[in-house]
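Per-entry structural report
Read off the chains here:
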Amino acid sequence: MKKILCILFWVFASLHSHAKHISGGEMYYDILSSTTSTKTYRITLILFRDESCFDCADMPPFVRIGVYNNDNNEPYGGAGTLPTFDVDLLKVETLPIVNVPLCISNQPSLRYTAGYYSFVVTLKNNSKGYTAAYQTCCRIDNINNIDNGVNGAGATYSSTIPGLNSLNNQQFDNAPRFSKGISIVCFNNSFILDFSANDPDGDDLIYNLCDAFNGGAAQNAGNITPSVPPYGSVDYISGFSGSKPLGLKADINPQTGIISGIAPSAGKYVISVCVSSYRNGKFIDTHRKDFIITVAACDFANAELLPEYITCDGYTFDFKNKSQSPLNQSFYWDFGDPLSGANNISTSPTPSHTFSSPGDYTVKFVVNRGTSCADSTTTILKVYPDFNANFTDNAPRCKDVPVSFTDKSVHNFGIVTSWKWNFGVLNTNADTSSAKNPVYNFTTPGNYSITLIAGSNRGCYDTITKTISIVDKPQLNLSTRDTIICIADRLQLNTNPTSTGSISWTPAYNISNFNSLNPIVNPSVDTTYFVNFEDNSGCLLRDSVKVKVIASVDVNTINDTTICRKDSVILKTTGNAIKYTWTNNPTLNNTSIKDPVAVPVLPSTTYYVKGFVGTCFDTDSVKINTIPYPNARAGKDTLICLGGTAKLSASGGISYIWSPALYLDNPNIGNPTIFNQPAGFIDYVVGVTDNAGCPKPSFDTVRVTVEKVTADAGPRDTSVVSGQPLQLNATGGTIYQWTPAQWLNNPNKSNPISNPLSDIEYVVKVSNAAGCNDTDTISVKYFTVIPDFYIPNAFSPNGDGLNDVIKPVALGIKSLDRFNIYNRWGQMIYSTRQIGSGWDGKYKGALQETGTYVWYIKGTDYTNKQIEKKGTLILIH
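Before going into details, it helps to say that this report is about the structure given with it.

Procedures and definitions
- Residues numbered from 1 in each chain as written.
- Predicted model: local features only at pLDDT ≥ 70, side-chain atom pairs only at ≥ 80, totals over all residues.
- Heavy atoms only, no water.
- Helix = DSSP H or I, 4+ residues; strand = E, 2+ residues; numbered from the N terminus.
- Rg over C-alpha atoms; globule rule 2.2 N^0.38 Å.
- Buried < 20%, exposed > 50% of the residue type's maximum accessible area, 1.4 Å probe, protein only.
- Pairing = 2+ DSSP bridges.
- Axes fitted to C-alpha atoms, helices over the stretch in contact; angles between N-to-C directions.
- Disulfide = S-S within 2.5 Å.
- Salt bridge = Lys/Arg side-chain N within 4 Å of Asp/Glu carboxyl O.

1. Thoughts on the overall build of the protein chain
Helices and strands together make up the secondary structure of the protein chain, namely 1 helix and 72 strands. At 53 Å, the protein chain has a C-alpha radius of gyration far larger than the 29 Å of a compact globule built from 877 residues. With respect to the principal axes defined by its C-alpha atoms, the protein chain has extents near 130 × 125 × 80 Å. Counting all 877 residues of the protein chain, 42% fall into the buried class.

Structure below.
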């Protein structure tokens, strides 16, 4: 049994170890022969292994590769056949290390090998071709850009063989295959990774970064039958993706397959590169390579500039090495500008140079010049200043009328050769143009931000944005609207357009000039005049004015009436006038409107109105009589005691209504009686009406306050010692009387002082100005002892209500500074500074055990003498 367990453990450990050995892979095919119905291919799988990987297994001695028909996802031989080949390891090669920087610090030890597995398969011609795939689990540990999971993400390496949809029966294809070199990549430094591929057929190749495949159902490195396509992607960590496996600062050249940029932090990263092949512009298939690269914590001296720079806004340019390595110890710049004299050379790490004239300059940059760690580079700086983008347009602008834009960009040292216009229309991509002087038709009124990016033959670009307003139609500003005129009058029609153009009026009936902006008309019958306006940019507007003609004016206001004084009344007026004037009167809110509001204050007021239509007019008048409101009086505010009654007394009219009716015996009389009003106050409002002619009530308010006196003589019982004065303190009212007056310094104040010589009980009577009163008592216990704390020596906190709490008895004491209780280990388990408080035998909610406890007390007596004592007590359960 032990031998079996050991064997099982070895198998498990072997599978786990095999699961952590693959660093990448690719699969490609070569065509060997062809018939009218079949093609024979050699399919090759390359697995890459990191030889520096700790506890990683050797290259697999054989692999299991599946081949599937893409037309139906069945095995290549048809339904019911096996899709797999077990392929032995053919050879192992060591991959070369390329692009090694000079003077590198912390150079990583990179050792990678490639294992080759090849087999031959004959495939029947079909439409969509075939997919060959190998699946394994798992990738190496601690990968920075994917979630490798507990058992690793696994990998699928596959190749797609094209079918007749891509190539006809007389065409043949060999898959492209990637270069094999390994580059050293240092974190936070520029780098180059060569993922270029060679196509044996000379097909055009396009590269892109793509999702790496996971291992499907593979749980360990044991060979499985690969699943059918398509294959799932690994899970990328936030900040990374298949298209950005090294973060945002690195990308691939789609033409060359070179990945470059700035490397991320040190660690392992999965990169998957897809290369698509095209023949005569037609897509054939996509080949992929999956590889885990090492970004090392290394550094190197590096002179790094962009291939080309340009300055279009001046002659001065600031230079900076893209590499910030601390190994860059010295700097040498040659700006290629000999006319600048000594300023042509700089040893600053970040120099600024003002060039002598416009032109192309070759700038040379060297770090660590004259040392074994020197590195150099050159760049072209184009100096062509004074480039300014600008444009104009043909204002004014209205919708559905094409707007012409004219480029006014100027480059003093070049020619404007490119234009990128954006006309600022939201939710469309059709609002752009590359013409020099474009025309655009805006279909919706609004404000539009017009942006022009102009470029010159020198490589300069400048951007300008202007906002234009597109209106629905021209702004004619016809100020004369539909109106009325008297038959004997004339009317001027007024317009004020914001743009120049032509205008015409119709009909040509009794009009002074039908092409005038402001003609005069005098029709004798109702006439509608139409105006047509076209501005110089082709925008059109049509509007109209309806002129009603009358022979006379008719004005009628309201009939004479009576209202309550200081009320308002609307002087509603009817008629056909278009202008009204009322006799100037300060009681009118507006003397120039048709229906003013009047607030007359005199017993009688007459208002006169005159209505006009041109020179025609009519008049009318109205008399408003006013009656005063009743003189409501609710009486004086009243104060009563709780439980008492009060009678209200209103006057000034013949009928009364009180609100609220709560606690009133009759709210509809002038003098109701209040019963059972609670403590507090209530504002009673009385509405009073009379028979003088004003039908509306007037109002007045009276406040009824109910007070309750509650006497409080202080604590029910208290104690003093011989010679200790007692400060009494009663509350609850404004008038106080203590009985008996024995030993009191003043029995008629709220806080007298007593110097008792024996036990005594005082009664205090408390009252207020309304005569409300109440009494309370206080018993004084007199002790012939000295001031001190008196503490029992035992208590039993068993909840029976007897001696459940131990507390000090304070006689003649003014304040308690502290009362502490300690257990036998010296731990303080209770403390208080409150006279009258005590310990219930618990600590942190738990009843303490039976035993002896130590107490300590400190306080001050009424003579300000300090008292400090300690002792013991017994807790009994």
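That was the structure; now back to the text.
2. Considering the sheet that holds strand β56 (residues 680–689)
Judged by pairing direction, the sheet is mixed, and its 4 strands sit side by side in the order β52-β57-β56-β54 without closing on themselves. Looking at which strands have only one partner, the edges of the open sheet turn out to be β52 (638–641) and β54 (655–659). The average undirected angle you get between the axes of adjacent strands in this sheet is 25°. With 9 bridges connecting them, β56 and strand β57 (residues 698–707) associate as antiparallel partners. Considered in β57, the bridge of V686 is made with D700.

3. What about the environment of A430?
Note that A430 resides in the loop between β33 (416–422) and β34 (432–433). It is 97 Å that separates the C-alpha atoms of A430 and I874, two residues lying 444 residues apart in sequence.

4. A few points about the state of the cysteines
This structure, assessed with the given rule, holds 8 disulfides. Paired through a disulfide, C564 and C694 show a sulfur-sulfur distance of 1.9 Å. Given an S-S torsion of about 105°, the disulfide between C564 and C694 has right-handed geometry. Here the residue C564 occupies a position in strand β45 (residues 561–564), and C694 occupies one in the loop between β56 and β57, the gap between them amounting to 130 residues. Taken individually, C564 and C694 each receive the classification buried, so the pair is uniform in this respect.

5. As for unusual backbone geometry
In this chain, P229 is followed by P230 through a cis amide linkage whose omega measures 0°. Assignment of secondary structure puts P230 in the loop between β16 (204–209) and β17 (250–252). In this structure, the amide linkage connecting S659 to the following residue, P660, adopts the cis form with an omega of 0°.

6. Here's the deal with the environment of P667
With respect to the helices, strands and loops of the structure, P667 is situated in the loop between β54 and β55 (673–674). As a C-alpha pair, P667 and F405 span 262 residues in sequence and 83 Å in three-dimensional space.

7. So, the pattern of salt bridges
What the rule picks out here adds up to 24 salt bridges. Note that K180 is salt-bridged to E93, the shortest N-O span being 3.8 Å. Linking K180 in the loop between β11 (177–178) and β12 (182–183) with E93 in strand β5 (residues 91–94), this pair joins segments that are 87 residues apart in sequence. Across the salt bridge formed by K399 and D472, the nearest N and O atoms sit 3.0 Å from each other. A residue pair is termed long-range when its members are at least 10 positions apart, and K399 in the loop between β30 (391–393) and β31 (403–407) and D472 in the loop between β37 (461–470) and β38 (483–486) qualify at 73 residues. For D472, a relative accessible area of 37% gives the class partly exposed.

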